[in-house]
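What follows is each chain in one-letter form.
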Amino acid sequence: MSGTGIPGMLKRVYSFPVSTPYLSRRSFLAASAATALGLWLRPAWLHAAPLPAITRAIPASGERLPVIGMGTSSTFDMAPGADSLAQLLPVLQAFFEHGGGVIDTSPMYGYAEAMLGELLRAVPHDRQRLFAATKVWTWGRDEGEQQMQESMRLTGIDRFDLIQIHNLRDWQVHLETLQEWKHAGKVRYIGITTSHGRDHLELALALETSPFDFVQLSYNIIDREVEQRLLPLAQERGIAVLVNRPFRRGELFQTVHGKDLPDWAAEFDCTSWAQFFLKFVVSHPVVTCAIPASSKVRHLVDNMGAGTGRLPDAAMRKRMVQLIEQI
Ligand SMILES: NC(=O)c1ccc[n+]([C@@H]2O[C@H](COP(=O)([O-])OP(=O)(O)OC[C@H]3O[C@@H](n4cnc5c(N)ncnc54)[C@H](OP(=O)(O)O)[C@@H]3O)[C@@H](O)[C@H]2O)c1
């Protein structure tokens, strides 16, 4: 079976072997075959040459990241198998083809780390352009270290670019470990995350008192509370900002359901509501990268488009907010 037919061609498209206990070689071949067929029959919009990605510098180093990355909660929480791989391989491939860099995951997201590992082994990519971020989400020093090592095993990533303390859990304890890991070259950047307003006071305290390179928080055209304190604080302290829930978990699409995009969206090269929401987020000067999640290639490509072309200026951003508040 090797060398000829679809599996033979797949060996040239994707790198083998299959290495996690979750997936048999047979199901991997089946998934890859389905995916490869899908790739050969890809619609014209998927072939369109991507425009150059807008990038922002990480304040701590000057290293630049594309402003649109990708989240994995829910969307990648599928047991690796033929169907899930067939669905997600083209998503990751399109992400890299469109200049994507940051991928955010967590041990909290069920199968997401294992799934990401399978996908990274299957989709050819430049490791230098991938900016791999996970989190530590447990109590206790030993448990934290074990969890981070397990993330490395599941994803096949031997050194994460960024490890973040998820939802502030036991943050003083993990911060100490992460500083040691960073010093030893086992991780490049360290960060802390939340998606809850109730954590904002403690998060501000953590950012004011501790040497974080990154903060991850929720920000979108409706939830703008972080503009008051946390974003200015990140700017003052030279901390890079990743934005989660840029679509409010998808709720924003319901808000605008059946409504036409305004004509003036063309003034900042916006062709869809997804781009409208993402361009709002990444046009905030302190935001480094938004990490929308999608399990669909069409949505992923749409989202990546938000990281190209012009961005709205301050006056346009006000107009965007007014429009959404009127709906
Ligand atoms: N505390 C934390 O650290 C924390 C908390 C929350 C989130 N996060 C991170 O942030 C990431 C993003 O947040 P999120 O996943 O909660 O929510 P989100 O990105 O705001 O929304 C995701 C939803 O939007 C839909 N969607 C994506 N692109 C679309 C498009 N172009 N058109 C229409 N629908 C689209 C997706 O459905 P389809 O699959 O159908 O496209 C999905 O249901 C997470 O995946 C995770 O990595 C971190």
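Here, every reference points to the structure presented above.
Numbering of residues begins from 1 in every chain and follows the order in which that chain's sequence is written. Side-chain atom pairs in this predicted model are given and counted only at pLDDT of 80 or more, local residue features only at pLDDT of at least 70, and totals for whole chains, interfaces and linings cover all residues. Where side-chain values are given, they derive from all heavy atoms of the structure, hydrogens and water being excluded.

Comments concerning the sheet that holds strand β7 (residues 187-193)
The rule for pairing is simple: two strands pair if DSSP sees at least two bridges between them. Numbering of helices and strands runs from the N terminus, with a helix taken as a DSSP run of H or I at least four residues long and a strand as a DSSP run of E at least two residues long. Reading across the sheet, the 8 strands line up as β3-β4-β5-β6-β7-β8-β9-β10 and stay open at both edges, with parallel pairing between neighbours. Every other strand in the sheet has two partners, leaving β3 (70-71) and β10 (289-290) as the edge strands with one partner each. The pairing of β3 with strand β4 (residues 102-104) spans 2 bridges and is classified as parallel. Paired with G71 across the strands is D104, a residue of β4.

Looking at the site of the ligand
Any residue with at least one heavy atom within 4 Å of a molecule or strand is counted as near it. As a matter of local geometry, the ligand sits amid 31 residues, with D104, S294, S295, K296 and H299 nearest to it. One nitrogen or oxygen atom from the main chain of R245 is found 3.1 Å from an oxygen atom belonging to the ligand. As used in this structure description, the phrase polar contact means that two N or O atoms lie within 3.5 Å; if the pair is within protein, one of them must be able to donate a hydrogen and the other to accept it, and residues adjacent in sequence are counted only when both atoms belong to side chains. A distance of 3.4 Å is found between an oxygen atom of the ligand and a backbone nitrogen or oxygen belonging to G250. Every accessible area reported is derived by Shrake-Rupley at a probe size of 1.4 Å, with residue values counting cover from the shown protein chains alone. Compared with its free state, where it exposes 910 Å², the ligand has 88% of that area covered by protein. When residues in the shell around the ligand are grouped by element, the largest group, 3 residues, is from helix α12 (residues 297-305). Any residue that is not Ala, Val, Leu, Ile, Met, Phe, Trp, Tyr, Cys, Pro, Asp, Glu, Lys or Arg is counted as polar, Gly included; the first ten are nonpolar and the last four charged. Grouping the amino acids of the shell around the ligand by side-chain chemistry returns 8 nonpolar, 16 polar and 7 charged.

Considering unusual backbone geometry
Within the chain, N167 stands out as a residue other than glycine whose phi angle is a positive 55 degrees. Its place among the elements puts N167 in the loop between β6 (160-165) and α7 (171-183). Phi angles above zero are rare outside glycine, and R245 is one such case at about 50 degrees. As for its placement among the helices and strands, R245 is situated in the loop between β9 (240-244) and α10 (251-255). Only protein chains enter the calculation, and the probe is 1.4 Å; a residue is then buried if its accessible area is under 20% of its type maximum, exposed if over 50%, and partly exposed in between. By relative accessible area, which is 30% here, R245 ends up partly exposed.

Regarding the nonpolar core
A general feature of soluble globular proteins is that nonpolar side chains tend to end up buried together. Take the buried Ala, Val, Leu, Ile, Met, Phe, Trp, Tyr and Cys residues and link them wherever side-chain atoms come within 4.5 Å; each set so joined is a nonpolar core. Counting 83 residues, the largest nonpolar core has I192 and F276 as its most contacted members. Here, two residues are considered to be in contact whenever any of their heavy atoms come within 4.5 Å of each other. Ignoring sequence-local partners within four residues, the contact set of F276 consists of I221, L261, P262, W264, A265, F268, C270, M320, L323 and I324. With 12 residues, the next largest nonpolar core counts I58, F131, L162 and A240 among its residues.

Some details on the environment of F214
Inspection of the secondary structure puts F214 in strand β8 (residues 214-218). What F214 contacts, discounting residues up to four positions off in sequence, is I58, L65, F131, L162, Y189, I190, G191, I192, I239, A240 and L242.

Quick word on the packing of aromatic side chains
Working definition: rings of Phe, Tyr and Trp (its six-membered ring) pair if their centres are within 6.5 Å, and the pair is stacked with planes under 30 degrees apart, edge-to-face with planes over 60 apart, and tilted otherwise. Scanning all chains against the criterion turns up 14 aromatic pairs. A centroid spacing of 5.8 Å and a plane angle of 45 degrees characterise the contact between Y219 and F280, whose relative ring orientation is tilted. Of this pair, Y219 sits in the loop between β8 and α9 (230-237) while F280 sits in helix α11 (residues 273-282); the two residues are 61 residues apart in sequence, bridging distant segments of the chain. Of the two residues, Y219 and F280, neither departs from the other in class, the shared state being buried. The interplanar angle of 75 degrees and the centroid separation of 5.7 Å between the aromatic rings of F253 and F277 together place this pair among those described as edge-to-face.

Some points on the environment of L201
Inspection of the secondary structure puts L201 in helix α8 (residues 200-209). Here L201 falls in the exposed class, since its relative accessible area comes to 67%. For L201 and L230, which are 29 residues apart along the polypeptide, the C-alpha to C-alpha distance reads 9.1 Å.

Regarding α9
Taken residue by residue, α9 has L230, L231, L233 and A234 as its buried positions. All buried residues of α9 fall inside an arc of 160 degrees around its axis, so they share one side. Within α9, the exposed residues directed more than 90 degrees away from the buried face are Q235 and E236. At its buried positions, α9 is contacted by α8, β8 and β9. Downstream of α9 by a residue or two, G238 has a phi angle that is positive, lying close to 65 degrees. The arc in question is formed by the directions pointing from the helix axis toward the C-beta atoms.

Considerations on the pattern of salt bridges
Basic side-chain nitrogens of Lys or Arg form a salt bridge, by our definition, when they fall within 4 Å of a carboxyl oxygen of Asp or Glu. Under the criterion given, the structure shown has 14 salt bridges. When the shortest N-O distance is used, the salt bridge between E63 and R188 registers 2.6 Å. Taken as a pair, E63 in the loop between β1 (55-57) and β2 (64-66) and R188 in strand β7 lie far apart in primary sequence, 125 residues in all. For E63, a relative accessible area of 24% translates into the label partly exposed.

Comments concerning the packing of α11 against helix α13 (residues 314-326)
Between the N-to-C directions of two axes lies an angle of 0 to 180 degrees, each axis being a line fitted to C-alpha atoms and, for a helix, fitted only over the stretch in contact. In the contact formed by α11 and α13, the axes pass within 11 Å of each other and the chain directions differ by 125 degrees. By the angle between their directions, the pair α11 and α13 is classed as oblique. In terms of crossing hand, the pair formed by α11 and α13 is left-handed. Where α11 approaches α13, its residues W273, F276, F277 and F280 are matched on the opposing element by R317, M320, V321, L323 and I324. When grouped by side-chain class, the residues that make up the contact of α11 with α13 number 8 nonpolar, no polar and 1 charged. What sets the label is the angle itself: under 35 degrees gives roughly parallel, over 145 gives roughly antiparallel, 65 to 115 gives roughly perpendicular, and the rest give oblique. The handedness criterion is simple: a crossing whose near helix is rotated anticlockwise from the far helix by less than a right angle is left-handed, and one whose near helix is rotated clockwise is right-handed.

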